[in-house]
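Understanding the architecture of this molecule
This is what each chain is made of:
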Amino acid sequence: MSYTALYRKWRPDEFEEVKGQGHIVTTLKNQITHDRIGHAYLFCGTRGTGKTTIARLFAKAVNCEHPLEDGSPCNECPTCKAISAGTALNVIEIDAASNNGVDSIREIRDGVQYSPTEGKYKVYIIDEVHNLSGAAFNAMLKTLEEPPSYVIFILATTESHKIPITISSRCQRYDFMRIQPEDIAGRLSQIAKAEGIGATPDALELVAELGDGSMRDALSLLDQCAAFGYEELNTGLVTEIVGIADPKTLFAIADAVAEGNTKEALLQTDGFLRQGKEVQNFLEEL
């Protein structure tokens, strides 16, 4: 069997596993329990903060045959299992980066006319929706404004400023926050333990910091580090594998700059760059 990346293998399967977005999870669960489900949602935020994950969980929750009292999906019924496996016909995911033309939206417009074959709702998840062309957005307007009662649109974007006001005004907007390093580190610790990846707490904290608020990026970095096969991952190994400067080098350069010692600053920087490390990472760390 082919290897599955950690960020895919450990994608949250229930609302409680989602980190850093409690305000959004609580609101969506309340909508489900009080039967106040909207017809269009706009999920905004940086990469790896859980937009698509929560969209899938919400699609599962509104279609669950035996939902829990708090609005969470049961994850046991055939509908939940089909959505988790990506085989549900009533949950349609579209990548607007590669399907950004008016024809793609026309297909959606034609598809909403047919009620779901299973479950209560037909859910359209359009990822990176800001990539749609102007004509595509115009074609979506009418459908987004007055969709059938069994249709829900969830639009996800990392660049909300590119969404026309005519579209955003028809949606409930939710802003996803960057995930705090301590929340990422806690999740990394759980996954490392389950996967048998030896790592010191400091190493996991460094990986969490390097994730820059993105759980997906942090998990990809942990995957990269684990692939080197070290018995125990530490901060030194992380800096070496990821290609960032170790703290001693950073402080040496910073001290040289503070003292106005141009020669020493350039020598330290040259030594670092000769190791083939990434300049952008170095500047961000500095």
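Now for a quick tour of the structure. Quantities reported herein were computed from a predicted structural model and do not represent experimental measurements.

1. A look at the pattern of salt bridges
All chains considered together, the criterion is met by 13 salt bridges. We note a salt bridge from Arg-47 to Asp-217, for which the minimum N-O separation is 2.7 Å. Taken together, the residues Arg-47 in the loop between strand 1 (40-44) and helix 3 (51-63) and Asp-217 in helix 10 (residues 215-226) connect sequence positions 170 residues apart. Judged by its relative accessible area of 41%, Arg-47 is partly exposed. The closest approach of N and O atoms between Asp-175 and Arg-173, which form a salt bridge, is 2.9 Å. For Arg-173, a relative accessible area of 44% puts it in the partly exposed group. Taken together, the salt bridges that share partners define one network made up of Glu-16, Lys-29 and Asp-70.

2. Some points on a nonpolar patch on the surface
On the surface, Leu-273, Val-279 and Leu-283 cluster together into a nonpolar patch covering about 250 Å² of accessible area. Within the secondary structure layout, Leu-283 lies in helix 14 (residues 279-285).

3. Brief notes about the sheet that holds strand 5 (residues 172-175)
In spatial order, the strands read 2-3-4-1-5; together these five strands make up an open sheet with parallel pairing. A strand with exactly one partner marks an edge of an open sheet, and here the two such strands are strand 2 (91-95) and strand 5. Going from strand to strand, the sheet's axes swing by 15° on average, the running direction of each strand aside. Those strands touched by helix 6 (residues 134-145) are strand 1, strand 3 (122-127) and strand 4 (151-157), and its axis lies near 135° from that of strand 4.

4. Observations regarding the pairing of strand 3
One face of the sheet, then the other: side chains in a regular strand alternate in exactly this way. Counted residue by residue, strand 3 has five buried out of six residues, so it is predominantly covered. Bridge count for strand 2 against strand 3 is five bridges, and the pairing is parallel. Looking across to strand 3, one finds that Glu-93 is bridged to Ile-125. Read as a crossover between parallel neighbours, the route from strand 2 over helix 5 (residues 102-111) to strand 3 is right-handed. In this view, the connection linking strand 3 to its parallel neighbour strand 4 by way of helix 6 has right-handed handedness.

What counts, and where the lines are drawn
- Residues numbered from 1 in each chain as written.
- Predicted model: local features only at pLDDT ≥ 70, side-chain atom pairs only at ≥ 80, totals over all residues.
- Heavy atoms only, no water.
- Salt bridge = Lys/Arg side-chain N within 4 Å of Asp/Glu carboxyl O.
- Helix = DSSP H or I, 4+ residues; strand = E, 2+ residues; numbered from the N terminus.
- Buried < 20%, exposed > 50% of the residue type's maximum accessible area, 1.4 Å probe, protein only.
- Patch = residues over 30% accessible without salt bridge, like charges linked within 9 Å, V, L, I, M, F, W, Y side chains within 5 Å.
- Areas by Shrake-Rupley, 256 points an atom, 1.4 Å probe, with all protein chains shown as cover.
- Pairing = 2+ DSSP bridges.
- Axes fitted to C-alpha atoms, helices over the stretch in contact; angles between N-to-C directions.
- Contact = heavy atoms within 4.5 Å.
- Right-handed = clockwise from strand over helix to strand, strands pointing away.

Read these as geometric descriptors, not functional statements.
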